[in-house]
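Chain and residue survey
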Amino acid sequence: VDLNLTAPILLTRALLPQLRASARSRCCIVLTIASGIALVGLPFYTTYAATKTGVAAFGHALRRELYGSGVHVATAYPGATATAMIDTSTAGEDLGFGRRPVEDVVTDTLEALGRGEHEINTSLPTRRAMQQMHARDPLAVDAALAPRLDELEAAVHHHRSI
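Summarised in this report is the structure supplied together with it.

Parameters at a glance
- Residues numbered from 1 in each chain as written.
- Predicted model: local features only at pLDDT ≥ 70, side-chain atom pairs only at ≥ 80, totals over all residues.
- Heavy atoms only, no water.
- Helix = DSSP H or I, 4+ residues; strand = E, 2+ residues; numbered from the N terminus.
- Buried < 20%, exposed > 50% of the residue type's maximum accessible area, 1.4 Å probe, protein only.
- Lys, Arg positive; Asp, Glu negative; His and termini not counted.
- Salt bridge = Lys/Arg side-chain N within 4 Å of Asp/Glu carboxyl O.
- Contact = heavy atoms within 4.5 Å.
- Patch = residues over 30% accessible without salt bridge, like charges linked within 9 Å, V, L, I, M, F, W, Y side chains within 5 Å.
- Areas by Shrake-Rupley, 256 points an atom, 1.4 Å probe, with all protein chains shown as cover.
- Pairing = 2+ DSSP bridges.
- Axes fitted to C-alpha atoms, helices over the stretch in contact; angles between N-to-C directions.
- Expected span 1.5 Å × (residues − 1).
- Arc of directions from axis to C-beta.

**Examining the side chain of Lys52**
Counting through the fold element by element, Lys52 comes out in helix α2 (residues 46–65). For the buried residue Lys52, which engages in no salt bridge, the nearest side chain bearing the opposite charge is Asp2, 13 Å off. Apart from the residues lying within four places of it in its own chain, the contact partners of Lys52 are Asn4, Ile33, Ala34, Ser35, Ile37 and Ala38.

What follows is the structure, given as structure tokens:
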């Protein structure tokens, strides 16, 4: 909670005076890094999902707070990304954890920022389908995941984010 939620909030709040001043003379961007898991919480990631959802809500509120100030606030929702952290999990594409190379996630994020986007989702199609299902019918996601809970728990048991 301290690392994923409190630290980004405190850092951003500490920098707000400089961000506002800089926005008067040049483009200024605040990018909050949530997670695709903020769009659909997954079993065994309850605390991680809560912190990343908190980061997303912080970004939304900050964007509204700074609207018209010249500070562009965007929230990124990276899906599973091939990093040392995600490699501690054995969950793969079949469980909704298909990994993308860091370079691809960064490129997609920078391109979206260049287009002026505020909500940047870099998840793979399998995870996006789950996110869309969650938006329409959260209980359908529950039913879809239920038969594989034991398998998912075993795959993510040693994941460092848990």
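Next, the rest of the story.
**Some words on a nonpolar patch on the surface**
On the surface, a nonpolar cluster with roughly 220 Å² of combined accessible area is contributed by Ile29, Leu31 and Ile33. Looking at the element boundaries, Ile33 is found in strand β1 (residues 28–33).

**Observations regarding the sheet that holds strand β2 (residues 71–77)**
Taken in spatial order, the three strands line up as β1-β2-β3 in an open sheet, and their pairing is parallel. The open sheet has two free edges, formed respectively by β1 and β3 (119–121), since each of these has just one partner strand. Averaged over all adjacent pairs, the angle separating strand axes in this sheet is 25 degrees, with direction ignored. One ladder, built from six bridges, connects β1 with β2; its direction is parallel. Residue pairing across strands places Leu31 opposite Ala74, the latter belonging to β2. With respect to the sheet, helix α1 (residues 2–23) is in contact with β1 and β2, its orientation differing from that of β1 by roughly 150 degrees.

**Some words on helix α4 (residues 125–136)**
The first and last C-alpha atoms of α4 sit 16 Å apart over twelve residues, in line with the 16 Å expected at 1.5 Å per residue. Taken together, the buried positions of α4 are Arg127, Met130 and Gln131. Looking down the long axis of α4, one finds its buried residues gathered within 100 degrees of arc, a one-sided arrangement. Every exposed residue of α4 that faces more than 90 degrees away from the buried side is listed here: Pro125 and Arg136. Those residues of α4 hidden inside the fold are in contact with β3 and α5 (138–145).

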